[in-house]
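Here's the letter readout for the chains.
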Amino acid sequence: MTELKNDRYLRALLRQSVDRTPIWMMRQAGRYLPEYREVRAQAGDFMALCKNPELASEVTLQPLRRFPFDAAILFSDILTIPDAMGLGLYFETGEGPKFSRPIQSRADVDKIGIPDPECELQYVMNAVRQIRHDLKGSVPLIGFSGSPWTLATYMVEGGSSKAFTKIKKMMYAEPETLHSLLDKLADSVILYLNAQIKAGAQSVMVFDTWGGVLTPRDYRDFSLQYMHKIVDGLIKEHDGNQVPVTLFTKNGGMWLEQIAATGCDAIGLDWTINIEDAKARVGGQVALQGNMDPSMLYAPAQRIRDEVAQILAGFGEGSGHVFNLGHGIHLDVPPENVDIFVNAVHELSIPYHK
Ligand code: CP3
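Residues numbered from 1 in each chain as written. Predicted model: local features only at pLDDT ≥ 70, side-chain atom pairs only at ≥ 80, totals over all residues. Heavy atoms only, no water.

Asker: What am I meant to see in helix α8 (residues 148-157) here?
Answerer: In an α-helix there are 3.6 residues to a turn, and that puts residues three or four apart on one side. By the criterion of burial, α8 is predominantly enclosed, with 10 of the 10 residues buried. Gly158 sits one or two residues past α8 and shows a positive phi near 85°. (Buried < 20%, exposed > 50% of the residue type's maximum accessible area, 1.4 Å probe, protein only. Helix = DSSP H or I, 4+ residues; strand = E, 2+ residues; numbered from the N terminus.)

Asker: I keep staring at the UniProt feature "binding site: substrate" (unreviewed entry) in the protein chain and nothing clicks. Help me out?
Answerer: Under the local residue numbering, the UniProt record ascribes the feature "binding site: substrate" (unreviewed entry) to Arg27, Gln28, Ala29, Gly30, Arg31, Asp77, Tyr154, Thr209 and His327. The greatest C-alpha distance among the annotated residues, which extend across 301 residues, is 22.6 Å, indicating that they are dispersed rather than converging on a single site. Counting through the fold element by element, Asp77 comes out in the loop between β1 (72-73) and α5 (80-87). The contacts of Asp77, once residues within four sequence positions are left out, are Phe46, Phe144 and Tyr192. Examined against the element boundaries, Tyr154 turns out to sit in helix α8. Taking the relative accessible area as the measure of exposure, Tyr154 reaches 11% and is therefore buried. Discounting residues that sit within four places of it in the chain, Tyr154 has contacts with Ile78, Leu79, Pro97, Phe99, Gly159, Ser160 and Trp210. (UniProt positions renumbered as here; feature names shortened; annotations may be inferred. Contact = heavy atoms within 4.5 Å.)

Asker: What is the right way to read the confidence of the model for the protein chain from this model?
Answerer: Interpretation of this model should avoid reading the predicted coordinates in detail wherever pLDDT is low. Scored by pLDDT, the protein chain comes out at a mean of 97, with 100% of its residues at no less than 70. Per-residue pLDDT, averaged within each element of the protein chain, yields its smallest value for strand β2 (residues 89-92) (92) and its largest for strand β9 (residues 266-268) (99). (pLDDT = per-residue confidence, 0-100.)

Asker: Would you take a moment to explain the packing of aromatic side chains for this structure?
Answerer: All told, the structure shown has nine aromatic pairs when counted by the stated rule. Between Phe46 and Phe75, the aromatic rings sit 5.7 Å apart at their centres with planes inclined by 80°, giving edge-to-face as the arrangement. Linking Phe46 in helix α3 (residues 46-50) with Phe75 in the loop between β1 and α5, this pair joins segments that are 29 residues apart in sequence. Here Phe46 and Phe75 have matching classes, each one buried. Taken together, a centroid distance of 4.0 Å and an interplanar angle of 15° make the contact between Tyr219 and Trp255 stacked. Residue Tyr219 is found in helix α11 (residues 216-233), and its partner Trp255 is found in the loop between β8 (245-249) and α12 (256-260); the two are separated by 36 residues along the sequence. (Phe/Tyr/Trp six-rings, centres within 6.5 Å; stacked < 30°, edge-to-face > 60°.)

Asker: Please explain unusual backbone geometry as it appears in this structure.
Answerer: Peptide bonds are mostly trans, and most non-glycine residues show a negative phi. In this model, Gly290 is joined to Asn291 through a cis peptide bond whose omega is -5°. With respect to the helices and strands, Asn291 occurs in strand β10 (residues 287-292). The phi angle at Asp239 is positive, at roughly 55°, despite the residue not being glycine. Looking at the element boundaries, Asp239 is found in the loop between β6 (237-238) and β7 (241-242).

Asker: Explanation requested: the packing of helix α10 (residues 175-199) against α11 in the structure shown.
Answerer: Packed helices, taken two at a time, are described by the angle their axes make and the gap between the axes. It is the contact of α10 with α11, at a shortest axis distance of 9 Å, that shows an interaxial angle of 30°. If you check the angle between α10 and α11, you find them roughly parallel. As for how α10 packs across α11, the hand of that crossing is right-handed. From α10, Pro175, Leu178, His179, Leu182, Asp183, Ala186, Asp187, Val189, Ile190, Leu193 and Asn194 reach across to α11, where they touch Asp221, Phe222, Gln225, Tyr226, Lys229, Ile230 and Gly233. Here the contact of α10 with α11 is built from residues that sort into 10 nonpolar, four polar and four charged. (Axes fitted to C-alpha atoms, helices over the stretch in contact; angles between N-to-C directions. Parallel < 35°, antiparallel > 145°, perpendicular 65-115°, else oblique. Left-handed = near helix turned anticlockwise from the far one by under 90°. Nonpolar A, V, L, I, M, F, W, Y, C, P; charged D, E, K, R; others polar.)

Asker: Hey, could you run me through the site of the ligand in this one?
Answerer: Near the ligand there are 21 residues, and of these Arg31, Tyr36, Arg40, Thr209 and His327 occur at the shortest range. In the model, an oxygen atom of the ligand is placed 3.2 Å from a nitrogen or oxygen of the Gln28 main chain. With respect to the ligand, the side chain of Asp77 contributes an N or O atom lying 2.7 Å from a nitrogen atom. In isolation the ligand exposes 870 Å². Once the protein is present, 88% of that is buried. Of the residues contributing to the shell around the ligand, the split by class is 13 nonpolar, four polar and four charged. (Near = heavy atom within 4 Å. Polar contact = N/O pair within 3.5 Å; in protein donor to acceptor, adjacent residues only side chain to side chain. Areas by Shrake-Rupley, 256 points an atom, 1.4 Å probe, with all protein chains shown as cover.)

Asker: Looking at this structure, how should I read the side chain of Ser180?
Answerer: Looking at the element boundaries, Ser180 is found in helix α10. Taking the relative accessible area as the measure of exposure, Ser180 reaches 17% and is therefore buried. Not counting residues up to four positions away in its chain, the partners in contact with Ser180 are Arg106, Val109 and Asp110.

Take a look at the structure:
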């Protein structure tokens, strides 16, 4: 394997010393870049793009040609697993993801199998292999998956949701049905992420976008428990290197201690918590990733730089911080502002790593 030229991201996740704070950006490949929109049009649609390893690799690398990010993230989606389970994923313009055969009953849950990552999901592994080849060791590659709870919300609701009434009805009226679904999803995610690691992903992240809509008890029983099972089931080392795992629960700031107790290496933070408070609570156990509000990228250059300076000062000296947005970049952000953001992080973080 080619030697990694920039390992800041992996070192920061393992809380080892770095020369500056590494940065990557959630949804760094995507519609805010005109070159992405061009390649997506060439592919036909979003899923066709995900299923074509050369094009998926091309869009993964696009943001790295423009901005000095310290990591690449696999171009794919969290909904590949439910799609491989036979739910029929499709995207309706302006409405987000939808499933033609959502989960509605115990019988539906009993019917679904655990996808073989090198069979139904081989296109994802092929993309990982292609991206690793094309990156030529410039920066590490992040693999990812949705959390069981977050995947289940899409599978039971049949798409995106605001109030999550269908899945909450299942949770309270038929908890065993939901647990059975979440358990199958956790097993699927373990196989899927381990296959990504074997194919070349150097770190993995679990997106629990909707864990924050749960009560504290339900978060523990219906989301965190299954992420804990995933952390326990992941390969810890590959090719002689540690493979750090990051858990991100959006709106999960009140549960940092419990998330850290899963044994994950890092916790992703949204913007609703001060990073200094997060560090005081769990900084001795895990690295932190985040936590700028994605809407800050609409601000003038000086306001973006001031915010970066505040967050860096909040984390303070030493390693264990990966800079990021608290959620994905909005699609109408001018790319020039991303440049201001990335350069501010690199420049302003140097004094914290003497
Ligand atoms: O650059 C990257 O971050 C890597 C690629 C990536 C995508 N989706 C590409 C994508 C990643 C890591 C994801 C994760 C994902 N997908 C999550 C978890 C993180 C989060 O944002 O909360 C979730 C909840 C999804 C589900 C999903 N996929 C939704 C809700 C949508 C539609 C919303 C939208 O932005 O339109 C998608 C589609 C999707 N996934 C797009 C991209 C670039 C847009 C598709 C297009 O080109 O039209």
